[in-house]
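What follows is the residue order along each chain.
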Amino acid sequence: MSTRRVFVAPVAEPVNGAWHDLADFTERWELEIAALAAIKKTTVNNMAEELDCSDLEGFGALFTGQHYVSTSEAWKAHEWLTACEAEGISEAVALAYAENTGERFPDPPDIADAYLGEYDNVQAYAESYVDESGMLSGIDATVARYFDYEAFARDLVLGGDVWTTDRKNGAVHIFRNV
């Protein structure tokens, strides 16, 4: 599990807050009480009408471009990423699926159903698919060697059967359209 931390501060004083490791809490209200206690030590007025997370770590690109995130939204994201990890879904896969589908926090089982794996490229997936499905079984090897895996891979993508996201390491995540 990746460590997720938030810097919680009053909206009116975004620098007068404290970092909190979300793994230390089981409920959002516990985080907010700890944040209020920390804020009481650092602010002049000792009151915070509204709290925001003015910095976040461990959320990948989930909040890219957002300056402030509510504690509610940060907690929801933490719970979602934790549920994805419990299903064996990496943060990168979960975020790629959410971005492609437009869902903010899609159900982890839906992600697991759609995710086909990480491959060097779509052709590598196509070769694996053909082998595992037995698509060419029963076809004479002399004829089967002429099967165009590159064209089949292209057709899987262009036909909408699968979609991909690029990885930083040059590989691709492959998802089934469901």
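What you see is a predicted model, and the numbers here were worked out from it, not measured in a lab.

Tell me what's going on with helix 2 (residues 71-86), and back it up with residues and numbers.
End to end, helix 2 covers 22 Å across 16 residues, agreeing with the expected 22 Å (1.5 Å per residue, within 8%). Burial in helix 2 covers these residues: Thr71, Ala74, Trp75, Ala77, His78, Trp80, Leu81 and Cys84. At the C-terminal side of helix 2, Gly88 shows a positive phi close to 85°.

So, helix 5 (residues 122-133): which residues are in play, and what are the values?
For helix 5, which comprises 12 residues, the first-to-last C-alpha distance of 16 Å matches the rise-based estimate of 16 Å (1.5 Å per residue) to within 8%. Buried within helix 5 are the following residues: Val122, Tyr125, Ala126, Ser128 and Val130. Looking at where helix 5 begins, the residue whose side-chain oxygen comes 3.1 Å from the main-chain nitrogen of Gln123 is Asn121. Looking one or two residues past helix 5, Gly134 carries a phi angle of roughly 70°, positive in sign.

Please set out the sheet that holds strand 2 (residues 18-21) residue by residue, giving values where relevant.
Read from one edge of the open sheet, four strands run 2-1-3-4, paired in antiparallel fashion. The sheet is open, and its two borders are formed by strand 2 and strand 4 (69-70), each paired with just one other strand. When strand 1 (residues 5-10) meets strand 3 (residues 51-57), the two strands line up antiparallel, connected through six bridges. Along strand 3, the bridge assignment pairs Val6 with Leu56.

If you had to explain the nonpolar core to someone new, which residues and values would you point to?
Grouped together as the largest cluster of nonpolar side chains are 30 residues, with contacts concentrated most on Val6, Phe59, Leu62, Trp80 and Ile111. Sorting the residues of this core by element identifies strand 1, helix 1 (28-42), strand 3, helix 2, helix 3 (91-101) and helix 4 (108-114) as the ones contributing at least two each. Look past the residues within four positions of Phe59 in its chain and what remains in contact with it is Arg4, Arg5, Val6, Leu22, Ala74, Ala77, His78, Leu81, Glu91 and Leu95. Within the second largest apolar cluster, 13 residues are counted, among which are Tyr119, Val130, Leu136 and Ile174.

Please provide a residue-by-residue account of the layout of surface pockets, values included.
Roughly 400 Å³ of internal volume is contained in the largest pocket. Surrounding the largest pocket, 14 residues form its lining, Ala61, Ala92, Leu95, Ala96 and Glu99 being those nearest its centre. Only helix 3 and strand 6 (162-166) provide two or more residues apiece to the lining of the largest pocket. Considering every element that reaches the lining of the largest pocket, the biggest residue donor is helix 3, with six residues.

Parameters and conventions
- Residues numbered from 1 in each chain as written.
- Predicted model: local features only at pLDDT ≥ 70, side-chain atom pairs only at ≥ 80, totals over all residues.
- Heavy atoms only, no water.
- Helix = DSSP H or I, 4+ residues; strand = E, 2+ residues; numbered from the N terminus.
- Expected span 1.5 Å × (residues − 1).
- Buried < 20%, exposed > 50% of the residue type's maximum accessible area, 1.4 Å probe, protein only.
- Polar contact = N/O pair within 3.5 Å; in protein donor to acceptor, adjacent residues only side chain to side chain.
- Pairing = 2+ DSSP bridges.
- Core = buried A, V, L, I, M, F, W, Y, C linked by side-chain atoms within 4.5 Å.
- Contact = heavy atoms within 4.5 Å.
- 1 Å grid on protein atoms, 1.4 Å probe; cavity = no way out; pocket = protein on both sides within 12 Å on 5 of 7 lines; lining within 4 Å.
- Points joined across faces, edges and corners; volume = space filled by probe spheres on them.

Shape is all these values report; function is a separate question.
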